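Fold and contact review
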Amino acid sequence: MTTVRHQQLDRLLSIMARLRDPVSGCEWDIAQNFASIAPYTIEEAYEVADAIAREDLVSLRDELGDLLLQVVFHARMAEEDGHFAFGDVAEAISNKLEARHPHIFGDDTTTDAQTERWEKVKADERRAKGETSAVDGVAISLPALMRAEKLQKRAAQVGFDWPDPSGAAEKVREEMQELAEATEAEKLEEAGDLLFAAVNLVRLNGIAPEDALRAANAKFERRFRAMEAFAAHDGRKFDGLPLEEQEAYWQAVKASERAETA
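Quick caveat, the model's predicted, so the values are computed rather than measured. (Residues numbered from 1 in each chain as written. Predicted model: local features only at pLDDT ≥ 70, side-chain atom pairs only at ≥ 80, totals over all residues. Heavy atoms only, no water.)

1. Focus on the side chain of Glu175
This is how the line gets drawn: Working definition: helices are DSSP H or I runs of at least four residues, strands are E runs of at least two. Numbering for both runs from the N terminus. Every residue pair with non-hydrogen atoms within 4.5 Å of one another is taken to be in contact.
Within the secondary structure, Glu175 is located in helix α9 (residues 165–181). Here Glu175 is in contact with Glu190, Asp193, Leu194 and Ala197, once residues within four sequence places are set aside.

Below, the structure is given as structure tokens:
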């Protein structure tokens, strides 16, 4: 089995090398660089998450392959420039996993919870890199919602956090008022403050903001499609209806959902 896995991985690495061959390779693949490939890497990660959310294991297999291709692509470009190769990537993550699990691979016998141990090891890693701020290393390229949550969690690790959700809830109300009173020049900043405060409130309620918003998106999409279907069933085109009648369909969809779950 190990030999088969090696053959499969070697095949993928060979294909990537062939595609990047400056003489006989693919013109598109040769033209790429780290920056041009990065958006595809992000997209593939989201498609993996989408397959998981849909519980589609066939798609998950395919999407994981697409994501693996991104790793192989970046590693190949780095190897061509003399920086590192795929093997170095695998070695680096292996070293990191062993270092972050000293209770499994080392002689750590502490009884710290896994999350506490993990955060302590990661903090040690950041200090070893010369990072001094609690918020160092939070990737700028993360989706803004996810980055807001990570920044808040880092701040909370050093005690800068609301003791309970009530303080965060009051902050949301404060930011809503400030946005309502903002001038045009101030609205962007105040809107950002409101969203950041909302992330904090959701986080302090023990909910991942990204998961919450993803669920809300799915619910809105489901209900919107149902409104369109209701209108079509009545022989009407939804996008030509007055807002009051569209709202009536919205309420009808919600009532239908309540009836189904009753």
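From this point on, the discussion continues.
2. A closer look at the packing of α9 against helix α10 (residues 187–204)
Stated precisely, the cut-off is as follows: Lines fitted to C-alpha atoms define the axes here, with helix axes fitted over just the stretch in contact, and angles between the N-to-C directions of these axes take values from 0 to 180 degrees. The scheme is simple: roughly parallel for angles under 35 degrees, roughly antiparallel for over 145, roughly perpendicular for 65 to 115, oblique for anything else. Here a crossing is taken to be left-handed if its near helix is turned anticlockwise relative to the far helix by less than a right angle, and right-handed if that turn runs clockwise.
It is at 8 Å that the axes of α9 and α10 come closest, and there the two elements cross at 160 degrees. Considering their axes alone, α9 and α10 lie roughly antiparallel with respect to each other. Every pair of crossing elements has a handedness; the one defined by α9 and α10 is left-handed. The residues of α10 that touch α9, namely those facing Pro165, Ala168, Ala169, Lys171, Val172, Glu175, Met176, Glu178 and Leu179, are Lys187, Glu190, Ala191, Asp193, Leu194, Ala197, Ala198, Asn200, Leu201 and Leu204.

3. Remarks on the environment of Cys26
Rules: A simple rule labels every residue: compare its accessible area, found with a 1.4 Å probe on the protein chains alone, to the largest value its type can have, and call it buried under 20%, exposed over 50%, or partly exposed in between.
Looking at the element boundaries, Cys26 is found in the loop between α1 (2–19) and α2 (27–31). Assessed through its relative accessible area of 30%, Cys26 is described here as partly exposed. Taking the C-alpha atoms as reference, Cys26 lies 55 Å from Glu245; in sequence the two are 219 residues apart.

4. Brief notes about the packing of helix α3 (residues 34–53) against helix α4 (residues 57–80)
Note the following rule: Polarity classes work like this: nonpolar for Ala, Val, Leu, Ile, Met, Phe, Trp, Tyr, Cys and Pro, charged for Asp, Glu, Lys and Arg, and polar for all others, with Gly in that last group.
One way to put it is that α3 packs onto α4 with a least axis distance of 9 Å and a crossing angle of 160 degrees. Considered as vectors, α3 and α4 are oriented roughly antiparallel to each other. The hand of the α3/α4 crossing is left-handed. Contacts between α3 and α4 involve Phe34, Ile37, Ala38, Tyr40, Thr41, Glu44, Ala45, Glu47, Val48, Ala51 and Ile52 from the first element and Ser59, Leu60, Glu63, Leu64, Asp66, Leu67, Gln70, Phe73, His74, Met77 and Ala78 from the second. Partitioning the contact of α3 with α4 into residue classes produces 14 nonpolar, four polar and four charged.

5. Considerations on unusual backbone geometry
Positive phi values are uncommon outside glycine, yet Glu55 reaches one of about 55 degrees. Among the secondary structure elements, Glu55 is positioned in the loop between α3 and α4.

6. Regarding the packing of aromatic side chains
Rules: Aromatic pairs are defined between Phe, Tyr and Trp rings, using the six-membered ring for Trp, whenever the two ring centres lie within 6.5 Å; interplanar angles under 30 degrees are classed as stacked, those over 60 as edge-to-face, and all others as tilted.
By the definition in use, this model includes four aromatic pairs. On the numbers, 5.9 Å between centres and 80 degrees between planes, the contact of Trp28 with Tyr40 is edge-to-face. A residue pair is termed long-range when its members are at least 10 positions apart, and Trp28 in helix α2 and Tyr40 in helix α3 qualify at twelve residues. Note on Trp28: relative accessible area 42%, which makes it partly exposed. Centroid distance Phe224 to Phe238: 5.4 Å. Interplanar angle 80 degrees. Geometry classified as edge-to-face. One end of the pair, Phe224, is in helix α11 (residues 209–233); the other, Phe238, is in the loop between α11 and α12 (243–261), and 14 residues separate them in sequence. By the ring-pair criterion, three or more aromatic residues cluster together here, those being Phe220, Phe224, Phe238 and Trp250.

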